[in-house]
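# Per-entry structural report
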Amino acid sequence: MNLSRREQVTGRVFLIALIVVTLLPFVSMLSAALQPRGTVPNGLEWPSDPQWGNFADAFTAANMGALLRSSLLIVAGVVPVSVLIATMAGFGLGQLRVPGGRFVFGLFLLGLTLPFEAVVTPLYYQMQDLGLLNTRWAIILPLIGLYMPFAVFWMRAHFTNVPVELSEAARVDGSSTWQLFWRVQVPLARPAIASLTILMFLWTWNQFLLAIVLVDDATKRTMAGALGAFQGQWGTDLVLLCAGSLLILTPTLIVFLIFQRQFIKALIQGSVKG
Amino acid sequence: MTSALGSAPTGRDSRRARPIPTRAHRFRWARAAGTGWLYVLPALVMYAVFVLRPLALTLQYSLYNWNGIGVARWVGLENYLTVFTDSDLLKIIGNAIVLIVFFSFIPVALGLLVASMVRRITTGAFGTVVRTILFLPQVIPLVAAGIAWSWLLSSNGLINQVLRALGLGVVARAWLGDFDTALPAVGVIGAWVLLGLCTILLVTGMSKIDPALYEAARLDGAGPVREFLAVTLPSLRQEIGVCLTVTIIAALASFDIVYISTSGGPGLQTTVPGLEIYRLAFSQRQVGLASALAVVLMLLVLACVLPIQRLSRGEKP
């Protein structure tokens, strides 16, 4: 009993230390963001007169309205399409077991560990040829393709575990493949689809490399890509930079806190499968 | 989409009857297979156009000397030879390997330590709060993590403030700007990002271990260390494999954090392959060399990840 009590205490101490380490960077940014503009802030120092107005300044300087809109447009372009076509492919490979499916699946697996840096150069020239450079399509289209290895892997894993008898029963009942997919399988796959949607949202919103390579205009990028440009512009104004960074990460934070349970589940499952 | 079995007669009774493999039936199934392909096709097309084709082009570019605009000149394996002999490029690949220690080994080792300490206290409301906070670095853009830590590690950032308060002011420095400390400092940022994820994955894995194993170990007189080595570690093989895979890829393919916190400097101290590919391709206009480096990076990732996958997927005790 005594031992387990000691374990409890040390465990808690460890956890609290870990939490402090995780949160300190954010707290330090907040304390810098509240200092008067033009001063040189110190690491962690609560200002005597917090300048909340800095956030308003950063909102304008970072062009937050346009950034939010741009990120939302990109997410709207990437996520529904990726999730839909990955679900269809997962259904085809895992449930219908199309002939040659094993080969195709192997082809998808090939891309599972691919660093985006490995394809970003040809993507640039490809987008140039298509005349899509500097448009949001230059981020949207490649991301859909780049997400396919994981997304198809994920959905196939789900559909492989659904008993084939279910599909057979539906067929005998006279439903077409599309009806079988849409009315029977998709509703059953809802948890897998939800997790995938969350991961795709997160990865799209935070995508940096494609955004800075393929789109010059920061207001047509993702939130993370725009943050890179913001840093280039305001890197010397630490107060504004911290305020802007906090603003830019707020939307993800809000979404995360609302769907916290689902996010964590998706992240755990996502890395275990990935 | 057309119906494959749309005309099949339906009825309460026929549902239970096993389908009889008539010729017509086989024909319908063949059509169903064709229809099945229509479901795979959209994903495959997007993947082929935006991943497989660029991948093939990277391989092709890597064999040419090309500035991205003019005529490309065939050079065979010359670019690869440069990657493996140029001292700068070798250093850059070396940097990525050093980062594996920080991005991968440290989070996994610390994660194991913390997870075995907190194994029993991550349930309930406290547990939820802990999980939520530990996942924050996974949720925010890496760029934001880079900015936060650039500030933390700067001359008058929190780290130096603490050092000065402890009377260690002599050690204080601009950690990311110092030749000796820049790479480890970048590594610390990566460790911070990945520690929470590893900890939670390992705790989740531990919660699945049969408590009887621990009781048996205790009865055999095992101390906490023996218990950890004999029970915890072997049972977590798969989870450790997952953590190593995710974090090693993050280390080798790192870009965002480095781009923001140091842009590769000072000198080449923190330049990583991802950053160098970007620089070679888009500033130096050496598309061929950039592509060869990209291929090498890809092979490096596979060389690290495949053995781990094989080991951790092996038989579980």
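An unreviewed UniProt entry annotates chain B as Carbohydrate ABC transporter membrane protein 1 (CUT1 family) originating from Micromonospora violae. Quoted straight from UniProt, the Sequence similarities (unreviewed entry) entry for chain B says "Belongs to the binding-protein-dependent transport system permease family."

By the naming in an unreviewed UniProt entry, chain A goes by Carbohydrate ABC transporter membrane protein 2 (CUT1 family) and is assigned to Micromonospora violae. Taken from UniProt, the Subcellular location (unreviewed entry) comment for chain A reads in full: "Cell membrane". Of chain A, the UniProt comment under Sequence similarities (unreviewed entry) reads exactly: "Belongs to the binding-protein-dependent transport system permease family."

### What to know about the interface of chain B and chain A
Contacts between the two partners involve 98 residues from chain B and, on the opposite side, 93 residues from chain A. Of all residues in chain B, B:Tyr39, B:Phe50 and B:Trp151 bury the most surface against chain A, accounting for 10% of the area lost on that side. On inspection of chain B and its partner chain A, the count reaches 17 residue pairs in polar contact (both at pLDDT 80 or more).

### Topic: the environment of A:Trp178
Residues and elements named next belong to chain A. On the secondary structure map, Trp 178 appears in helix α8 (residues 177–188). Judged by relative accessible area, which is 30%, Trp 178 ranks as partly exposed. Between the alpha carbons of Trp 178 and Leu 44 there is a distance of 59 Å; along the sequence they are 134 residues apart.

### A short note on the pattern of salt bridges
The tally for this structure, following the rule as stated, stands at 5 salt bridges over all chains. Residue B:Glu227 pairs with B:Arg218 through a salt bridge whose shortest N-O separation is 2.8 Å. A salt bridge links B:Arg279 to B:Glu276, with the nearest nitrogen and oxygen atoms 3.2 Å apart. Of this pair, B:Arg279 and B:Glu276 both sit in helix α13 (residues 273–282), 3 residues apart, roughly one helical turn. For B:Arg279, a relative accessible area of 26% translates into the label partly exposed. Assessed through its relative accessible area of 9%, B:Glu276 is described here as buried. Salt bridges sharing common partners tie together A:Arg37, A:Asp57 and A:Asp237.

### Some details on the UniProt feature "transmembrane region" (unreviewed entry) in chain B
Residues and elements named next belong to chain B. The UniProt feature table records "transmembrane region" (unreviewed entry) at residues 36–56, 92–117, 129–152, 182–203, 240–260 and 287–308. Along residues 92–117 one finds 100% helix and 0% strand; the C-alpha atoms at either end are 37 Å apart. Segment residues 129–152 splits into 92% helix and 0% strand. End C-alpha atoms: 24 Å apart.

### Some details on the packing of helix α2 (residues 53–61) of chain A against helix α12 (residues 238–258) of chain A
Residue and element names in this part refer to chain A. At a minimum axis distance of 8 Å, the contact between α2 and α12 shows a crossing angle of 75°. With respect to α12, the element α2 is oriented roughly perpendicular. Contact residues: Asn 54, Phe 55, Asp 57, Ala 58, Phe 59 and Ala 61 in α2; Val 239, Leu 240, Ala 243, Gly 244, Leu 246 and Leu 247 in α12. Here the residues of the contact of α2 with α12 are counted per class, giving 9 nonpolar, 2 polar and 1 charged.

### As for the UniProt feature "domain: ABC transmembrane type-1" (unreviewed entry) in chain A
Feature annotation in UniProt places "domain: ABC transmembrane type-1" (unreviewed entry) on residues 68–259 of chain A, given in this structure's numbering. Secondary structure within residues 68–259 of chain A divides into 79% helix and 0% strand; the distance between the first and last C-alpha atoms comes to 19 Å.

### Side note on a nonpolar patch on the surface
The grouping of B:Val101, B:Phe105, B:Ile106, B:Leu110, B:Leu113 and B:Met117 at the surface amounts to a nonpolar patch, some 460 Å² of accessible area in total. Tracing the chain through its elements places B:Val101 in helix α4 (residues 87–118).

### Some details on unusual backbone geometry
A negative phi angle characterises most non-glycine residues, just as the trans form characterises most peptide bonds. Between B:Gly265 and B:Pro266 the backbone carries a cis peptide bond, its omega angle lying at -5°. Along the chain, B:Pro266 falls in the loop between α12 (256–261) and α13. For A:Arg97, which is not glycine, the phi torsion reads 45° and is therefore positive. Tracing the backbone through its elements, the reader meets A:Arg97 in the loop between α3 (64–94) and α4 (101–110).

Cut-offs used in this document
Residues numbered from 1 in each chain as written. Chains lettered and ligands numbered in written order. Predicted model: local features only at pLDDT ≥ 70, side-chain atom pairs only at ≥ 80, totals over all residues. Heavy atoms only, no water. UniProt positions renumbered as here; feature names shortened; annotations may be inferred. Contact = heavy atoms within 4.5 Å. Buried area = accessible area lost by both parts, 1.4 Å probe. Polar contact = N/O pair within 3.5 Å; in protein donor to acceptor, adjacent residues only side chain to side chain. Helix = DSSP H or I, 4+ residues; strand = E, 2+ residues; numbered from the N terminus. Buried < 20%, exposed > 50% of the residue type's maximum accessible area, 1.4 Å probe, protein only. Salt bridge = Lys/Arg side-chain N within 4 Å of Asp/Glu carboxyl O. Axes fitted to C-alpha atoms, helices over the stretch in contact; angles between N-to-C directions. Parallel < 35°, antiparallel > 145°, perpendicular 65-115°, else oblique. Nonpolar A, V, L, I, M, F, W, Y, C, P; charged D, E, K, R; others polar. Patch = residues over 30% accessible without salt bridge, like charges linked within 9 Å, V, L, I, M, F, W, Y side chains within 5 Å. Areas by Shrake-Rupley, 256 points an atom, 1.4 Å probe, with all protein chains shown as cover.

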